Amino acid sequence: MGDAADSGSSAVLWTFGAYMVAVFFLAWLAGRVKEEKKEGFMSDYFLGSRGFGVWALALTAAATSASGGSFMGFPALIYTHGWVLALWIAGYMTVPLVAMALMGKRLNQVARRAGAITIPEILGKRFNSAAVGATATIMIVLFLFCYLLAQFKAGSKILSVLLEDSPIYRSAVNGMAQLIDGVPWIGQAEPDYVLCLVVFGIAVVAYVSYGGFRAVVWTDVMQGVVMGFGVVILLVLALSQVGGLANASRQVAAMTPPEFATGWVELADGATAEEEHVLAKGTWIAGSEEGELVRLAERAVIPAGDKAGEPMEFLITDSAVAEAVDIELAEGYAVAIKERMPHANGAGEAGVYSRPPGPSRDKTLGYLTVAMAFCWFAFWPFGGVGQPHNMVRMMIFDKTQVLRRALVTLALYFGFIYLSLVIVFVCARVLLPGMEIDADRVMPEFAKAVTASAGFPWLAGLVVAAPFAAVMSSVDSFLLVVSSSVVRDLYQRHINPDAPESRLRKLSYAVTAVVGALAVIIAVNPPEYLQDLIVFASEGLAACFLMPMILGLFWQRMTATGALCGMLAGAVMQAAIYVIGFYVNEKFGSYDMLGLQPFFWDVAASTIACITGSLLSAPPSRELVHKFFARRDN
Amino acid sequence: MVENDEQDWRVSREDEDPLLRSSRREMKVVLGFWVVFALWTVLACWWLGYRGSTDPLAMKLVMGMPSWVFWGIVVPWVVSMGFTIWFALCFMKDHDLGSDQPSDEDGADFIDKGNHDG
């Protein structure tokens, strides 16, 4: 059994290794192309000389937008709340058109007229104002760095799940444990997490530093393809193993939400343990009431000479959840339940996983109210179009035909990926019961489980490479946007405008590496509220950039004062909502005024500030307006 | 409110860049598209899902999924894909994006020192 697991995990390791080799090969190739292009290092390093084709544009947009959240957090949510997540993600049906057609063409044109290669630069030049450019730079660096931290953490977690059974990896973890023992800050973290973080960090920083934007786009294309294949494989295996979607839907409809509980493990006969008993996290035990199954949410130990283990957390499920699969129960143990914590919404009700609003542990109105469903439908497209790393992608094509064809590709790609993911993880509820104890791991665990049952354990390497690819393709883009902001918009503009190209080149490599290293060091002990930090950062970026950019592109009367007011109003509103949230909830999080997401209030504040600020300031100069709005006949 | 006496900073409708005009027209269609699909999805899910039967045995399946998912999400998603493809291939106008202004490799300031050709 041990040998089989080892050979399976070695196969996973090999598949994954081959994938990483391919990533590095593409980065090396991109670096070669960059070196052959003698002129314009900055434009090539940060924008790949604006000459990408349909597949590159479509897949880089898809891969960047699908971050760790899409392949780790989203599956966990589907698993936990059921079919309602189809409604939560439904806004993605409008993402391709809104993200690319709302301002793609015009943004590309304005960037060309301005000779700009970064978002702060476009804004700075469009409004002829250094203050607008500098404010944009600061906002990008602050918000995107929060993002980077979260993605580094996600990448390392996936890597550790993927490699955990491999003997080489286990000995490397032991080595790392000795290395970091007693080191301040780093020594507090788990050695396996530190090892994966360092490996992940070095890999990403190396290929981004060397290959620049072209490497990012090329690897995005490959990662987009890997994500697509990963989902196809999962979909086929999940549907065949569950016996068809209708079967899965009926079984999910019969399920009632599990209960979390506290208590302790004891020997079934109530005797004192003669030797130490250790039960791994995830072990199943028969429950104290008829038809109940208990799963350990952490490792349990009954010390020799004691009757019971320490108090701990359990998951209690109805035995109906385990209908489709055989569950091995640990014999000879029992659990004593001290306190049960039923769901705030949906407890004891069959059918809640099949209809909105979906069960919830803490929200009495259920997981997704109608108002929130509408908010998400707006946030996915409009929040997405406001992200600077997505805007940058609208600057990389040289013909509008490329944009049009990329739109078609993206529409098909998103439709397929997201609808399939919902189906796959509804099936996972049936095939992999009890994953609520660690829902974030449902994607890699499910990939391992279905490929192993199908007799192709090595396929798990490819499937799990999909979320890893998603994380990596987001991290590389953020890294480049942050470093371009520092080198181009801070150093070259404000510190040393006469810097020779060779210095800019070295500085670009160095800043990419330093930003990456800094993110690795902070991510060793990431703040607990990391997921909230991601939401905070993405809402904040959209709040700062969406309205100033759209109005700047389409409204002649918009002024630098208006843009500054718009960016600051969005950021201040976002901060205020989180400060209120902190006082009301006593933890980091937003305060949903009138049941709406902060994003709505941010955009409203930003729009009002942009318009008022512009109308109250002097109109822009004729030269500036004509530069960006007038036809050019030559 | 500050306004110039002369409005000569404005670019008149006729002199506006054709790409800007077509982008504005496309923007209106995109926003309309979003409103239609947001209403379809949210209203259909509300009608068939939120206020639907709570009895799991009475749940209707269409193509293996709950009927509210099929009519409220899958169908609009497929139709929106069709619309997006039509928009991209038939409605969106092609334009010359213009040549690249020399990007300031030598690090000029944000403030453009004139020389506009508009």
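Above this note sits the structure.
The rules we used
Residues numbered from 1 in each chain as written. Chains lettered and ligands numbered in written order. Predicted model: local features only at pLDDT ≥ 70, side-chain atom pairs only at ≥ 80, totals over all residues. Heavy atoms only, no water. Helix = DSSP H or I, 4+ residues; strand = E, 2+ residues; numbered from the N terminus. Contact = heavy atoms within 4.5 Å. Salt bridge = Lys/Arg side-chain N within 4 Å of Asp/Glu carboxyl O. Polar contact = N/O pair within 3.5 Å; in protein donor to acceptor, adjacent residues only side chain to side chain. Nonpolar A, V, L, I, M, F, W, Y, C, P; charged D, E, K, R; others polar. Buried < 20%, exposed > 50% of the residue type's maximum accessible area, 1.4 Å probe, protein only. Expected span 1.5 Å × (residues − 1). Axes fitted to C-alpha atoms, helices over the stretch in contact; angles between N-to-C directions. Parallel < 35°, antiparallel > 145°, perpendicular 65-115°, else oblique.

K.L.:
Help me get a handle on the environment of Leu594(A), residues and values and all.
P.N.:
Position of Leu594(A) among the secondary structure elements: in the loop between α20 (560-585) and α21 (598-616). Sequence spacing of Leu594(A) and Ala172(A) is 422 residues, and the spatial spacing of their C-alpha atoms is 51 Å.

K.L.:
So what's going on with the interface of chain A and chain B? Residues and values would help.
P.N.:
Facing the 102 residues of chain A at the interface are 80 residues of chain B. Remark: the boundary between chain A and chain B carries three salt bridges. Its salt-bridge partner being Asp94(B), residue Arg404(A) comes within 2.6 Å of it at the nearest N-O pair. Across the chain A-chain B interface, the total number found is 22 residue pairs in polar contact (both at pLDDT 80 or more). It is helix α15 (residues 400-431) of chain A that contributes the most residues to the side of chain A that touches chain B, 12 residues altogether. Its residues assigned to classes, the side of chain A that touches chain B shows 57 nonpolar, 23 polar and 22 charged.

K.L.:
Help me get a handle on the side chain of Thr559(A), residues and values and all.
P.N.:
Residues and elements named next belong to chain A. Assignment of secondary structure puts Thr559 in the loop between α19 (530-554) and α20. Assessed through its relative accessible area of 5%, Thr559 is described here as buried. Side chain to side chain, Thr559 and Ser617 meet in a polar contact 2.8 Å long. Once residues lying within four places of it in the same chain are set aside, the contact partners of Thr559 are Phe127, Gly613, Ser614, Ser617, Ala618, Pro619 and Pro620.

K.L.:
Mind laying out the environment of Arg404(A), listing which residues take part and the relevant values?
P.N.:
Within the secondary structure, Arg404(A) sits in helix α15. As for Arg404(A) and Gly455(A), which are separated by 51 residues in sequence, their C-alpha atoms are 42 Å apart. Leaving out residues up to four positions away in the same chain, Arg404(A) has contacts with Ala88(B), Leu89(B), Met92(B) and Asp94(B). For Arg404(A), the side chain forms a polar contact with the main-chain oxygen of Ala88(B), separated by 3.0 Å.

K.L.:
Which residues make up helix α16 (residues 442-453) of chain A, and what values go with them?
P.N.:
In an α-helix, one turn spans 3.6 residues, which is why side chains three or four residues apart end up on the same side. The end-to-end C-alpha distance of α16(A), which contains 12 residues, comes to 16 Å, matching closely the 16 Å that a straight helix rising 1.5 Å per residue would cover. Considered for burial, the residues of α16(A) that qualify are Val442(A), Met443(A), Pro444(A), Phe446(A), Ala447(A), Lys448(A), Val450(A) and Thr451(A).

K.L.:
An account of the packing of helix α10 (residues 167-180) of chain A against helix α11 (residues 191-242) of chain A is needed here, citing residue identities and associated values.
P.N.:
Residue and element names in this part refer to chain A. Relative to each other, α10 and α11 sit at 100 degrees, their axes nearing to 8 Å. If you check the angle between α10 and α11, you find them roughly perpendicular. Two secondary-structure elements touch here, α10 through Tyr169, Ala172, Val173, Met176, Ala177 and Ile180 and α11 through Pro191, Asp192, Val194, Leu195 and Cys196. Considering only residue class, the contact of α10 with α11 consists of 10 nonpolar, no polar and one charged.

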